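# Fold and contact review
The primary structure of each chain is shown beneath.
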Amino acid sequence: MARYCFCLQVKPERMAEYAGRHRSVWPEMRAALSESGWHNYSLFLREDGLLIGYVEAEDLAEAQATMARTEVNARWQAEMAGFFTGLGGRGPDEDPWLLTEVFHSA
């Protein structure tokens, strides 16, 4: 299972709302993530709005494509799009800025 890390920028004025929405992620969204191959998925939010995501997947591109085909993801992403800056017209789940792993200790 490969590990992936990515970052996005949440609008500072919407950070509290963003965090609140993630305290109650829809059960069908959680199920779709799992069924699409997203494992050990975590989001971390810094006080300036920097969002760091971590996920494990056999193939991230395939997991993303599978998730993109779900109705629940379309609804969730439509609701989440307004929380971010710097997307350049893309959805928050499209082509995230992946970080390169430089060290791991198991």
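Starting from 1, residues in each chain are numbered consecutively following that chain's sequence as written. Whole-chain, interface and lining totals are the exception, using all residues; otherwise, since this is a predicted model, local features are given only for residues with pLDDT of at least 70 and side-chain atom pairs are given and counted only at 80 or more. Hydrogens and water molecules were not included; the side-chain quantities draw on all heavy atoms of the structure.

## Examining the overall build of the protein
The condition that has to hold: Only DSSP runs of H or I covering at least 4 residues are called helices, and only runs of E covering at least 2 are called strands; the numbering of each starts at the N terminus. Computation of the radius of gyration draws on C-alpha atoms, with the globule rule given as 2.2 Å multiplied by the number of residues to the power 0.38. By definition in these notes, contact holds between two residues if any of their heavy atoms fall within 4.5 Å. For the area figures, the Shrake-Rupley method with a 1.4 Å probe applies, and any residue is considered shielded solely by the protein chains shown. We treat Lys and Arg as the positive residues and Asp and Glu as the negative residues; His and chain ends play no part in the count. Throughout, a charge is located at the NZ atom of Lys, the CZ atom of Arg, the CG atom of Asp or the CD atom of Glu.
The secondary structure content of the protein amounts to four helices and five strands. At 14 Å, the protein has a C-alpha radius of gyration in line with the 13 Å of a compact globule built from 106 residues. In the protein, 76% of the contacts between residues at least 6 apart in sequence involve partners at least 24 apart. Roughly 6600 Å² of accessible area belongs to the protein as shown, and the carbon and sulfur atoms make up 54% of that amount. Separation between the mean location of the 10 positive side-chain charges and that of the 16 negative ones in the protein comes to 5 Å.

## Structural notes on the pairing of strand 2 (residues 39-45)
For clarity, the cut-off: For two strands to be treated as a pair, DSSP must find no fewer than two bridges joining them.
Here strand 2 runs beside strand 3 (residues 50-57); their pairing, made up of five bridges, is antiparallel. Following the sheet pairing, His 39 is matched in strand 3 by Glu 56. Hairpin connection of strand 2 to strand 3: four residues between the antiparallel strands, including Gly 49 at a positive phi of 100°.

## Re the nonpolar core
Cut-off, in case you're wondering: Residues grouped as a nonpolar core are buried Ala, Val, Leu, Ile, Met, Phe, Trp, Tyr and Cys residues, joined through side-chain atoms within 4.5 Å. In this scheme, a residue with accessible area under 20% of its type's maximum is buried, one over 50% is exposed, and one in between is partly exposed, where area comes from a 1.4 Å probe on protein chains only.
By size, the foremost hydrophobic cluster in this structure holds 23 residues, and its most contacted members are Tyr 18, Met 29 and Phe 84. Elements with a contribution of two residues or more to this core: strand 1 (2-10), helix 1 (15-22), helix 2 (27-35), strand 3, helix 3 (60-68) and helix 4 (71-80). For Met 29, the residues in contact, after removing those within four places along its chain, are Met 67, Val 72, Asn 73, Trp 76 and Gln 77.

## A word on the packing of aromatic side chains
Inclusion rule: Paired rings are identified among Phe, Tyr and Trp, the last through its six-membered ring, by centres lying within 6.5 Å, and are further divided according to the angle between planes into stacked (under 30 degrees), edge-to-face (over 60) and tilted (the rest).
With the rule as written, the count across this model stands at five aromatic pairs. Centroid distance Tyr 18 to Phe 84: 5.5 Å. Interplanar angle 80°. Geometry classified as edge-to-face. Taken as a pair, Tyr 18 in helix 1 and Phe 84 in strand 4 (residues 84-85) lie far apart in primary sequence, 66 residues in all. Of the two residues examined, Tyr 18 and Phe 84, each falls in the buried class. A ring pair is formed by Trp 38 and Tyr 41, whose centres lie 5.0 Å apart and whose planes are at 55°; its orientation type is tilted. The class of Trp 38 is buried, set by a relative accessible area of 13%.

## Notes on unusual backbone geometry
The phi angle at Asn 40 is positive, at roughly 50°, despite the residue not being glycine. Here Asn 40 lies in strand 2.

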